[in-house]
Amino acid sequence: MKILLKRISVSLMLAACIALTKTVSAQSPGVTRTLVRAGHVLDMKSGKIADAQTIVVVGDSIQSIQPSASVPTQPGDKVIDLGGMTVLPGLIDVHTHLTMNPDFDPYKELTSTSAKEAINGVVNARTTLLAGFTSVRNVGASGFVDVDLRDAINNGQVPGPHMQVSGPLLGITGGHCDENLLPIQYHLQGDGVADGIAAVQHKVRQNIKYGADLIKICATGGVLSKGDDPQASQYTLEEMQAIVADAHRLGRKVAAHAHGAQGILWATEAGVDSIEHGSYINDEGIAAMKKRGTYLVPTLYLEDWMLEKGNLPPFYGQKMKDVSAVAKANIKRAVQAGVKIALGTDAAVYPHGLNAHELDVYVNQIGMTPLVALQTATINAADLMGWTAKTGTLEPGKWADIIAVDKNPLDDVRVLQDVKFVMKGGVVYKNDR
Ligand SMILES: [Zn+2]
């Protein structure tokens, strides 16, 4: 009986699939095509510009990209005219904190609630999307607010980028990912604090249980935390090996916050997928990352922003000065040595929506060519996220995540600070041309 039912349902499904295929290929009523008529399309792999192209969008995906002359408008087609504009894939930021806002009074932060953070997330997700960033990784949020935000975006309840989220950050007691602002009688602890092999394994499994797409850990001290040293390693090599083994076995990548040289090296040797910040990276770290193919996610525009506008309390301010004094030179050496780079910003440390300023730093301070800089925010970022089949280039079968700007960004990447058109998953969220 059971087998019979199964057979019937399988053949019904097959029939449905065949029907669907026929409908799509015949372009019959019910399947709306959106024709994005682009003045110029930037090929993210080669840097070449193709003029007068039409991107055919069906549902949430790109169906084809062809010279406009060969794609006549058919009855029922929606047409978006981006003549004169340069069109490229939606950008990706692999280091954001959408549920947080810049606030440099750390004791005020203690009054935050999950509800406030959810509201922040709704506002900041929209701001980030409208800035042209159609995918992000959210690397650290308390209370799994980021999981709910991702789901609300995917359900169409609120506008925002495609998200991969980490949930609470794993870290040692008293480390960068703990809460160190109050004395012991308040018993305040970060959600992701775990010490020792068994405890970190439990925490990885718990984060996955409650919806994390990736695992974020603190390998060293940080800047915006009290009483720790960015250069000091926090997790041991053995703890990080245990984290990576569990995460990878369960299909999740690991991102490691790491400023100090030893923490960068240990996290790399433990097999993490990306090093976030990397401020004090040295030759040993560079060699290890190259050997393993580990991504480096520099977060450099925040230093410029802080210098100009940051108003940090003294126990953060000195660390910010120390890290800023060396980070760009070290990252530049890593870039020149050929370490793989994916664009990240740490947005939340400065206002959301300024993410594209990071590209300007890569080109005008670190010495990347504009194309290489743009690849960090598209092809490379998609690769780090395991989303190469979904985004990072404009190709048939990928998400219709498409942005447009007034000029060729290879002539000046700063044009990406003023994105005029944003489509995500085939839906237009901005058209200011
Ligand atoms: Zn961060």
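Below, the structure is looked at part by part. (Residues numbered from 1 in each chain as written. Predicted model: local features only at pLDDT ≥ 70, side-chain atom pairs only at ≥ 80, totals over all residues. Heavy atoms only, no water.)

Across its full length, the protein chain carries 13 helices and 14 strands. Over its C-alpha atoms the protein chain spans a radius of gyration of 23 Å, differing by no more than 12% from the 22 Å that the globule rule assigns to 433 residues. Along the first, second and third principal axes, the C-alpha set of the protein chain runs to 70 × 65 × 45 Å. Burial analysis of the protein chain (433 residues in total) assigns 55% to the buried set. In the form shown here, the protein chain has an accessible surface area of approximately 18,500 Å², with 55% of it arising from carbon and sulfur atoms. Within the protein chain, one finds 40 positive and 43 negative side-chain charges whose respective centroids are separated by 8 Å. (Helix = DSSP H or I, 4+ residues; strand = E, 2+ residues; numbered from the N terminus. Rg over C-alpha atoms; globule rule 2.2 N^0.38 Å. Buried < 20%, exposed > 50% of the residue type's maximum accessible area, 1.4 Å probe, protein only. Areas by Shrake-Rupley, 256 points an atom, 1.4 Å probe, with all protein chains shown as cover. Lys, Arg positive; Asp, Glu negative; His and termini not counted. Charge placed at Lys NZ, Arg CZ, Asp CG, Glu CD.)

On to the sheet that holds strand S8 (residues 214-218). Spatially, S8-S9-S10-S11 is the arrangement adopted by the four strands of the open sheet, whose pairing is parallel. At either end of the open sheet lies a strand with only one pairing partner, and these are S8 and strand S11 (295-297). Taking the axes of each pair of neighbouring strands and ignoring which way they run, one obtains an average angle of 25° across the sheet. Here four bridges tie strand S9 (residues 253-258) to strand S10 (residues 274-277), and the two strands are oriented parallel to one another. Paired with His257 across the two strands is Glu276, which belongs to S10. In the packing of helix H6 (residues 237-249) onto the sheet, contacts are made with S8 and S9, and the angle to S9 comes to roughly 150°. (Pairing = 2+ DSSP bridges. Axes fitted to C-alpha atoms, helices over the stretch in contact; angles between N-to-C directions. Contact = heavy atoms within 4.5 Å.)

What follows covers the coordination of the zinc ion. The protein atoms donating to the zinc ion are His95 (NE2), His97 (NE2) and Asp346 (OD), with metal-donor distances spanning 2.1 to 2.2 Å. Sequence positions of the residues that donate to the zinc ion give the spacing H-x1-H-x248-D. Comparing His95 with His97, the two get one shared label, buried. (Donors = N, O, S within 2.8 Å, 3.2 Å for Na, K, Ca; no water.)

Spatial relationships are all this shows, so hold off on functional conclusions.
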